[in-house]
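Residue strings, one per chain:
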Amino acid sequence: MGAEAQADSGDPGAGEPRPVTVGVPRETADGERRVALVPQVVERLRARGLTVVVEPGAGLGALIPDERFTAAGAVPGDAWTSDVVLTVTPPGADQVRRLRCGAVLIGFLAPLTAPETIDALRAAGVHGFAMEAVPRISRAQGMDALSSQANVTGYRAVLVAAEHLTRYFPMLTTAAGTVKPATVLVLGVGVAGLQALATAKRLGARTTGYDVRPEVAEQVRSLGAQWLDLGIEAAGEGGYARELTDDERTEQQKRLEEAITGFDVVITTANVPGRRAPTLVTAAAVAGMRPGSVVVDLAGESGGNCALSTPGTTVVHHDVTVTAPLNLAASMPEHASELYARNVVALLELMIDDSGALVPERDDEVLVGACVTRRGRDR
């Protein structure tokens, strides 16, 4: 027998059994081109007996026509009325109202920065699972959407930098002489930062990484990059950095100002979950950079790491380009969607028990960690 859900009030725990439906709506957020499932993953769910409903046009931003979903076994329809709804971005108020009581919603739900979404899901009686809340433990690596999307972002950030830089990235020896390689500093070396260092190295730049977590120095060096040691450490919980004290922040900015002026490209990735991004690149640091240099600020959505950043725009100060692109992962929707779909389905499969039934309230540390509303209650 295939996977089953309960029909009646929408509660997966009562009523007559019926096939579980997994819905994939079309993303409507500005600039969002990703889709929560790709055809290969639809086939994986169909093999487990689930019915996949894809809203027409859901994959067009990622260059996936409706016909490919149909060929994989999906059916067109209203995805928001499904037992399980998979999204990339948080739903709007109108979309939450279309969810049925007892439904499961999986996606980036911004629980720390968009409490109104969580309140709406609670009021609607929805089981909400936030991909950004998946615990960072070994068993959940395949569900770590933050990391999969940060990989895309870090790679893309280097290409953005190369586009704006007025100089070559690699060292070139030509008949007209030798051109020195660009120097790249990455501030914040989580997943995005490490990918940025690796990509810049592949393009031939001389790379340096900095983070307030000293334990990542070895990872930086393993990529052939140098480690910038400013003597300030602020390791936090869950692999994140803690917020610096006022004195630490002042000293950090002073030391960074001195270091930044020697680099052609600075890529910043530093974030503290649920808080404004720390300022790492001051106006004075930008003014001290060589004309034609570039700052790529990947923390624009949470306020920016550069004092001169304007989120979503590119500006020039003192002949230095400062760009703060938003949602860079959506600019590479094909691979970003493919990776995200694998993450989402890995989490969903934890809710399918041995009998094929949908059980979102299973006592599993990953589900408990990712759950932000449980049938209208906080986790």
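1. Notes on the sheet that holds strand E17 (residues 320-323)
Moving on, step 1. Strand order in the open sheet made by the seven strands is E13-E12-E11-E14-E15-E17-E16, with mixed pairing throughout. Lying at the two open borders of the sheet, with one neighbouring strand each, are strand E13 (226-227) and strand E16 (314-317).
Moving on, step 2. Sheet topology places strand E12 (residues 206-210) next to E13; two bridges connect them, and they run parallel. By the bridge assignment, Gly 209 is partnered in E13 with Trp 227.
Moving on, step 3. Lying on the sheet, helix H6 (residues 191-202) is in contact with strand E11 (183-187), E12 and strand E14 (265-268); it crosses E12 at an angle near 170°.
Moving on, step 4. Strands E11, E12 and E14 of the sheet are contacted by helix H8 (residues 246-260), whose axis makes an angle of about 165° with E11.

2. As for the nonpolar core
Moving on, step 1. By size, the foremost hydrophobic cluster in this structure holds 46 residues, and its most contacted members are Leu 37, Ile 106 and Leu 347.
Moving on, step 2. Where this core is concerned, the elements lending two or more residues are strand E3 (21-24), helix H1 (39-47), strand E4 (51-54), strand E6 (84-86), strand E7 (104-107), helix H10 (333-349) and helix H11 (365-370).
Moving on, step 3. Here this core gets seven residues from one element, more than from any other, and that element is H10.
Moving on, step 4. With residues near it in sequence (within four places) discarded, Ile 106 still touches Val 84, Val 85, Leu 86, Thr 87, Phe 129, Met 131, Val 344, Leu 347, Leu 348 and Met 351.
Moving on, step 5. Ranked by size, the runner-up nonpolar core spans 26 residues in total, among them Ala 157, Val 158, Ala 196 and Ile 267.

3. Notes on the pattern of salt bridges
Moving on, step 1. In total, this model carries 15 salt bridges according to the counting rule given.
Moving on, step 2. The partner of Glu 55 in a salt bridge is Arg 26, and the shortest N-O contact between them spans 4.0 Å. One end of the pair, Glu 55, is in the loop between E4 and helix H2 (66-71); the other, Arg 26, is in the loop between E3 and H1, with 29 residues separating them in the sequence.
Moving on, step 3. Glu 55 sits in the buried class, given a relative accessible area of 19%.
Moving on, step 4. Arg 136 is the salt-bridge partner of Asp 144, the closest N and O atoms lying 3.7 Å from each other.
Moving on, step 5. For Asp 144, a relative accessible area of 16% puts it in the buried group.
Moving on, step 6. Among the charged side chains, a network of salt bridges with common partners joins Arg 44, Arg 48 and Glu 349.

4. A short note on the side chain of Thr 268
Moving on, step 1. Along the polypeptide, Thr 268 turns up in strand E14.
Moving on, step 2. In this structure the side chain of Thr 268 is engaged in a polar contact, spanning 3.0 Å, whose partner is the side chain of Asp 297.
Moving on, step 3. Setting aside residues up to four positions removed in sequence, Thr 268 forms contacts with Leu 187, Val 281, Val 296, Asp 297, Leu 298, Ala 299 and Asn 305.

5. Digging into the pairing of strand E8 (residues 127-130)
Moving on, step 1. The two faces of E8 match: His 127 and Phe 129 on one face and Gly 128 and Ala 130 on the other face are all buried.
Moving on, step 2. As a crossover connection, the stretch from E7 through helix H4 (residues 115-124) into E8 is right-handed.
Moving on, step 3. Examined bridge by bridge, E8 and strand E18 (residues 371-374) share two bridges and lie antiparallel to one another. Its bridge partner lying in E18, Gly 128 is registered against Thr 373.

6. What about the state of the cysteines?
Moving on, step 1. Applying the stated criterion across every chain, the model contains zero disulfides.
Moving on, step 2. Sulfur of Cys 101: no disulfide; nearest cysteine sulfur belongs to Cys 371 and is 14 Å away.
Moving on, step 3. Exposure remark for Cys 101: the relative accessible area of 41% places this residue in the partly exposed category.
Moving on, step 4. On the accessibility criterion, Cys 371 (0% relative accessible area) is buried.

About the thresholds
- Residues numbered from 1 in each chain as written.
- Predicted model: local features only at pLDDT ≥ 70, side-chain atom pairs only at ≥ 80, totals over all residues.
- Heavy atoms only, no water.
- Pairing = 2+ DSSP bridges.
- Helix = DSSP H or I, 4+ residues; strand = E, 2+ residues; numbered from the N terminus.
- Contact = heavy atoms within 4.5 Å.
- Axes fitted to C-alpha atoms, helices over the stretch in contact; angles between N-to-C directions.
- Core = buried A, V, L, I, M, F, W, Y, C linked by side-chain atoms within 4.5 Å.
- Buried < 20%, exposed > 50% of the residue type's maximum accessible area, 1.4 Å probe, protein only.
- Salt bridge = Lys/Arg side-chain N within 4 Å of Asp/Glu carboxyl O.
- Polar contact = N/O pair within 3.5 Å; in protein donor to acceptor, adjacent residues only side chain to side chain.
- Right-handed = clockwise from strand over helix to strand, strands pointing away.
- Disulfide = S-S within 2.5 Å.

Limitation: the analysis is restricted to geometry and does not speak to function.
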